[in-house]
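Architecture and fold: a report
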Amino acid sequence: MAVVGSYFPGRGTLIEETFLKGKAEGEVHSRVQGVLRVLDKRGITTPPETRDRITNCTDLETLDRWFDRAFTVSTADELFEEEEPGR
């Protein structure tokens, strides 16, 4: 009788950790692309430094907030206004 490998979520195996890391990176990439796509489809220019800030962000909550705001802002930099110090 052949032994079949099994997968038990939550066990912290290297395979699971690698899978979860890849999944998280995929979610971040998807959110980044969403923000940039909405801005592009709305005809909003995204300067290189703004694009870099968006593409280098790894926080899903921040990316979700930027995605929501991308539908209403007039300029790409307005995505970040609420985050500026002193506001």
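Residues numbered from 1 in each chain as written. Predicted model: local features only at pLDDT ≥ 70, side-chain atom pairs only at ≥ 80, totals over all residues. Heavy atoms only, no water.

Moving on to the overall build of the protein. Along the protein, the regular secondary structure elements total three helices and zero strands. When its helices and strands are written in sequence order, the protein yields α-α-α. A total of 87 residues make up the protein; the buried ones form 24% of that total. Restricting the contact set of the protein to residue pairs at least 6 apart, pairs at least 24 apart contribute 57%. Put simply, the protein shows about 6,500 Å² of open surface, and 53% of that area lies on carbon and sulfur atoms. (Helix = DSSP H or I, 4+ residues; strand = E, 2+ residues; numbered from the N terminus. Buried < 20%, exposed > 50% of the residue type's maximum accessible area, 1.4 Å probe, protein only. Contact = heavy atoms within 4.5 Å. Areas by Shrake-Rupley, 256 points an atom, 1.4 Å probe, with all protein chains shown as cover.)

On to the packing of aromatic side chains. With the rule as written, the count across this model stands at two aromatic pairs. Look at Trp66 and Phe80: their rings are 4.9 Å apart centre to centre, the planes differ by 75 degrees, and that puts the pair in the edge-to-face class. You can see Trp66 sitting in helix 3 (residues 60-70) and its partner Phe80 sitting in the segment after helix 3, a full 14 residues away along the chain. Each ring, one from Phe67 and one from Phe71, has its centre 5.2 Å from the other, and the planes form 90 degrees; the classification is edge-to-face. (Phe/Tyr/Trp six-rings, centres within 6.5 Å; stacked < 30°, edge-to-face > 60°.)

We now examine the nonpolar core. One finds Val32, Val35, Leu39, Ile54, Leu63, Trp66 and Leu79 to be the most contacted residues of the largest nonpolar core, which totals 16 residues. For this core, the secondary-structure elements that each account for two or more residues are helix 1 (14-41) and helix 3. It is helix 1 that provides the largest number of residues to this core, a total of six residues. Ignoring sequence-local partners within four residues, the contact set of Leu39 consists of Ile44, Thr46, Ile54, Ala70, Val73, Ala76 and Leu79. (Core = buried A, V, L, I, M, F, W, Y, C linked by side-chain atoms within 4.5 Å.)

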